[in-house]
Number of protein chains: 2
Amino acid sequence: MKKLLNDPADLVAESLRGVERAHPELRVDHEHRIVYRADAPVSGKVGLLSGGGSGHEPAHAGFVGPGMLDAVCAGEVFTSPVPDQMAEATKNIDGGAGVLHLVWNYTGDVMNFDMAAELAGAETDTEVAAVVINDDVAVEDSLFTAGRRGTGAAVPVEKITGAAAEQGRSLSELADLARRVNDNTRSMGMALTSCTVPAKGTPTFDLPEDEIEIGIGIHGEPGRRRVPLAPAREIAEMLMEPLLADLDFTGGDGVLVFVNSMGATPMLELHLMYAEIAAILDNAGVVPVRSLVGPYVTSLDMAGCSVTLTRFDDELLRLWDAPVAALGLRWGM
Amino acid sequence: MKKLLNDPADLVAESLRGVERAHPELRVDHEHRIVYRADAPVSGKVGLLSGGGSGHEPAHAGFVGPGMLDAVCAGEVFTSPVPDQMAEATKNIDGGAGVLHLVWNYTGDVMNFDMAAELAGAETDTEVAAVVINDDVAVEDSLFTAGRRGTGAAVPVEKITGAAAEQGRSLSELADLARRVNDNTRSMGMALTSCTVPAKGTPTFDLPEDEIEIGIGIHGEPGRRRVPLAPAREIAEMLMEPLLADLDFTGGDGVLVFVNSMGATPMLELHLMYAEIAAILDNAGVVPVRSLVGPYVTSLDMAGCSVTLTRFDDELLRLWDAPVAALGLRWGM
């Protein structure tokens, strides 16, 4: 295993020290492994909390900041944070209007956020609501998940809900909005190579030099099927066919097309994939109105990509365009 | 070779189609492989042109936009664009105040930009100046370079000069400014793994599983030395020692600390490296005032990182902070 680290056991803690040093607009609680926007809690605003296992950077800390999340909890690599962390963060981002948990659908995360809501409610009287993100059409139930996995949808869900929270909307309104974004979003990913979890030191799965995995999970969970390595054009078809079959993306105010690197796949290839995907959308009568291309929800050093489509209405588009200043997503400020 | 592409011969052209589709704020001339900001030429403003071989994404197209470059020329992977491309771009971004070429120091690029300036001057009367970026302290002369290679300094040089160009400064003022940024910037990189050039299909060099290369070039050119794989803390020392020995970064208005991924190294590891580098700077009495952490000047799928330090004065800091809206660098707009 060749990685830039000291002791694998210290990787997450040491990386959080770098996040703190590089980004003074964030505040890091090292004991609880929580990354806050420096001005949290924002008085009168609903606090937005997410988080999960590390190894998906810039998710999750990269989405903390004005216009997006108030805090995230960091677990070990590919491991849910614990309820104590989440309860601590919940209490600290409550500006008096309650806290919304945006939970990626993995069994451990869902259970722990649920316990954290109870803990926070018992200790203070913070009102908590939760929305589960479950956009991955690849499989129902998986290694760590009941139902569909939460993947790329986290970016539009957290971005759009964050913009609405800045407007002063109520907890229940924001929960409805987050559900609406999630319901209008679908994702599908693929791997060219496995990732290597530092604590283990060897690839999570074996993928022969001439095979790829379609429908891969962001922890290397099994996908739909393995197929021979194919041209990008065919891979794009394999990703888009199940996406477009799962939800009608025509009409409305167009779609957000989010082409994500699993980590090791460079922008040169991602933009080529974007062109292939745009051509498929043209043929399907789906209109891309916004794009996002890059590494946003990664799986350590896995090579591969995922596609996430969000069906916009006028309001979702406006909230997507609102200013955001997170280290992983920034415009307008 | 496992990559997301169709025919390797079409990779750059097809990727530029994706750039065009995903980013309507850019205009792509596919015949000449030039990426323009959509509103170029900007009347009365000096036009800024850069470019080089593909495979370093988001460099170069990712630095085109308001507050940064007016256009870039894309070559084949790791291959200089040709003078005709550069001359065409030069003519088309001249808003009447001349054009500044920001040239990464590789022999082919320097020669071709030089010829392009002559061509453009002969055909129209566009006034052209050129500044060569040569920040890499690793080696004097290399596989493709006389003198020092141009690497990470391109980001602060192009950003800061771009901000000053928006203010309406003259061609000679901007050339002086670009030289000043370059003169105050040093870089040093390292590789954990080789990259694989798609047209070749096999790794550019062999690096055993237990060795790393210190001082690597962004095309895989040889560095200073190969050493056994070491903890991040020691690798940070190996990068910082020659940087700090080459220029006095103490005093002034602090430094920009730019920790760059060579492509396949994820943010989790980069932030850990940032923490190690910040600790070394603390000990050396150098004050980090701005940071940039991520993949900006990559080498396809190479794993590894580079560190770039820029010594700020008050003016450089202010211009660094000015708004920029490129796909690879964006804040304030």
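Cut-offs and rules
Residues numbered from 1 in each chain as written. Chains lettered and ligands numbered in written order. Predicted model: local features only at pLDDT ≥ 70, side-chain atom pairs only at ≥ 80, totals over all residues. Heavy atoms only, no water. Helix = DSSP H or I, 4+ residues; strand = E, 2+ residues; numbered from the N terminus. Contact = heavy atoms within 4.5 Å. Areas by Shrake-Rupley, 256 points an atom, 1.4 Å probe, with all protein chains shown as cover. Domains from an automatic or database assignment. Buried area = accessible area lost by both parts, 1.4 Å probe. Salt bridge = Lys/Arg side-chain N within 4 Å of Asp/Glu carboxyl O. Nonpolar A, V, L, I, M, F, W, Y, C, P; charged D, E, K, R; others polar. Polar contact = N/O pair within 3.5 Å; in protein donor to acceptor, adjacent residues only side chain to side chain. Buried < 20%, exposed > 50% of the residue type's maximum accessible area, 1.4 Å probe, protein only. Least-squares fit on C-alpha atoms with pLDDT ≥ 70 in both. Pairing = 2+ DSSP bridges. Axes fitted to C-alpha atoms, helices over the stretch in contact; angles between N-to-C directions. Phe/Tyr/Trp six-rings, centres within 6.5 Å; stacked < 30°, edge-to-face > 60°. Lys NZ or Arg CZ within 6 Å of the ring centre and 35° of its normal. Core = buried A, V, L, I, M, F, W, Y, C linked by side-chain atoms within 4.5 Å.

With an unreviewed UniProt entry as reference, chain A is termed Dihydroxyacetone kinase DhaK subunit, source organism Actinomycetospora cinnamomea.

Chemist: Before we go on, may I ask you to explain the overall build of chain A in this structure?
Modeler: The helix and strand inventory of chain A stands at eight helices and 14 strands. Looking at chain A alone, contacts between residues at least 24 apart form 72% of all its contacts between residues at least 6 apart. With an accessible surface of roughly 10,900 Å², chain A has 50% of that area assigned to carbon and sulfur atoms.

Chemist: Could you clarify how one ought to interpret the domain arrangement of chain A in this entry?
Modeler: Bring the parts together and some accessible area is lost; that lost area is often taken as the interface size. Residue and element names in this part refer to chain A. When its domains are assigned, chain A resolves into domain 1 (8-183) and domain 2 (186-314). The straight-line distance from the C-alpha centre of domain 1 to that of domain 2 is 23 Å. At the interface, 33 residues of domain 1 touch 33 residues of domain 2. Carbon and sulfur atoms make up 63% of the surface buried where domain 1 meets domain 2, a total of about 2,400 Å² over both sides. It is His56, Phe78 and Val137 in domain 1 that bury the most area against domain 2; as a group they hold 23% of the surface buried on that side. Where domain 1 touches domain 2, the interface holds two salt bridges. Breaking the side of domain 1 that touches domain 2 down by element, the ones donating at least two residues are α4 (154-166) and α5 (171-183). The biggest single contributor to the side of domain 1 that touches domain 2 is α5, with four residues. Across the side of domain 1 that touches domain 2, the residue classes break down as 19 nonpolar, seven polar and seven charged.

Chemist: Hey, could you run me through the side chain of Thr298(B) in this one?
Modeler: Looking at where Thr298(B) falls in the secondary structure, it is placed in the loop between β11 (288-294) and β12 (304-311). Once residues within four sequence positions are removed from consideration, Thr298(B) is found in contact with Gly55(B), His56(B), Glu57(B), Ile218(B), Ser261(B), Met262(B) and Gly263(B).

Chemist: Just checking my understanding: could you explain the interface of chain B and chain A for this structure?
Modeler: Taken together, the contact pairs 61 residues of chain B with 60 residues of chain A. Between chain B and chain A we count six salt bridges in total. Of the charged contacts in the structure, one is a salt bridge between Arg233(B) and Glu14(A), with a shortest N-O distance of 3.6 Å. Our count for the chain B to chain A interface comes out at 28 residue pairs in polar contact (both at pLDDT 80 or more). At eleven residues, helix α7 (residues 267-284) of chain B tops the list of elements feeding residues into the side of chain B that touches chain A.

Chemist: What is the right way to read the pattern of salt bridges from this model?
Modeler: Once the charged atoms of two side chains with opposite charge are near each other, the side chains can pair. One pass over the full model with this rule turns up 42 salt bridges over all chains. Across the pair Lys3(A) and Glu269(B) runs a salt bridge whose closest N-O atoms are separated by 4.0 Å. Here Lys3(A), found in the segment before α1 (11-22), pairs with Glu269(B), found in helix α7, and the two come from separate chains. Judged by its relative accessible area of 4%, Lys3(A) is buried. Among the ionic pairs, Glu140(A) bridges to Arg148(A), the shortest N-O distance being 3.1 Å. Using a relative accessible area of 53% as the deciding quantity, one classes Glu140(A) as exposed. When salt bridges that share partners are traced, they join Glu140(A), Arg148(A), Arg186(A) and Asp246(A) into one network.

Chemist: Looking at this model, I keep getting lost on the relation of the copies chain B and chain A. Mind explaining?
Modeler: Least-squares fitting of chain B to chain A yields an RMSD of 0.0 Å, with the transformation described by 0.0 Å of translation along the axis and a rotation of 180°. Considering both components of the superposition, the chain copies are consistent with a two-fold axis. Closest approach to the rotation axis among the C-alpha atoms of chain B is made by Ala264(B), whose C-alpha sits 2.0 Å away. Mapped onto chain A, 98% of the interface residues of chain B are again interface residues, and the two copies thus contact each other with one and the same surface.

Chemist: Is there a simple way to explain the sheet that holds strand β6 (residues 128-133) of chain A in this structure?
Modeler: Residue and element names in this part refer to chain A. Here we have six strands laid out as an open sheet, ordered β1-β2-β4-β3-β5-β6, and mixed in their pairing. Each edge of the sheet is formed by a strand with only one pairing partner; in this case those strands are β1 (26-29) and β6. Neighbour-to-neighbour, the strand axes of this sheet turn through a mean angle of 20°, independent of strand direction. On top of the sheet, α1 reaches β1, β2 (34-37), β3 (47-54) and β4 (71-77); it is set at about 145° to β4, its chief contact. Lying over the sheet, helix α3 (residues 107-123) contacts β3, β5 (99-104) and β6, oriented at roughly 165° with respect to β5.

Chemist: How should I be thinking about the packing of aromatic side chains in this particular structure?
Modeler: For any pair of aromatic rings, the description consists of the separation of the ring centres together with the inter-plane angle of the planes. Residues and elements named next belong to chain A. Applying the stated criterion across every chain yields a total of six aromatic pairs over all chains. Seen from their ring centres, Phe258 and Tyr296 are 5.6 Å apart, and the 75° between their planes marks the pair as edge-to-face. Of this pair, Phe258 sits in strand β10 (residues 255-261) while Tyr296 sits in the loop between β11 (288-294) and β12 (304-311), and the two are 38 residues apart along the sequence. Residue classification places Tyr296 among the buried positions, given a relative accessible area of 13%. On the basis of an interplanar angle of 45° and a centroid distance of 6.5 Å, the ring pair of Phe312 and Trp320 is categorised as tilted. For the pair shown, Phe312 and Trp320 are each scored as buried. What links up through ring pairs into an aromatic cluster is the set Phe312, Trp320 and Trp331. In this structure, Arg27 packs its charged tip against the face of Tyr36, placed 4.7 Å from the ring centre.

Chemist: Please explain the nonpolar core as it appears in this structure.
Modeler: Inside soluble globular proteins, nonpolar side chains tend to come together where they are buried. Of all hydrophobic cores here, the largest spans 212 residues; its most connected members are Leu100(A), Met273(A), Leu100(B) and Met273(B). Look past the residues within four positions of Met273(A) in its chain and what remains in contact with it is Ala232(A), Ile235(A), Ala236(A), Leu239(A), Val259(A), Cys305(A) and Leu4(B).

Chemist: What exactly am I supposed to notice about the sheet that holds strand β9 (residues 225-228) of chain B here?
Modeler: Whenever strands of a sheet pair, they do so through backbone hydrogen bonds, lying parallel or antiparallel. All names here are of chain B. Ordered in space as β9-β8-β7-β12-β10-β11, the six strands form an open sheet in which the pairing is mixed. Lying at the two open borders of the sheet, with one neighbouring strand each, are β9 and β11. For this sheet, the mean inter-axis angle between neighbouring strands, taken without regard to orientation, is 20°. The sheet contact formed by strand β7 (residues 185-191) and β12 spans seven bridges and is antiparallel. The residue of β12 that forms the bridge with Arg186 is Leu309. Contacts from helix α5 (residues 171-183) reach β7 and β12, with the element oriented near 50° to β7.

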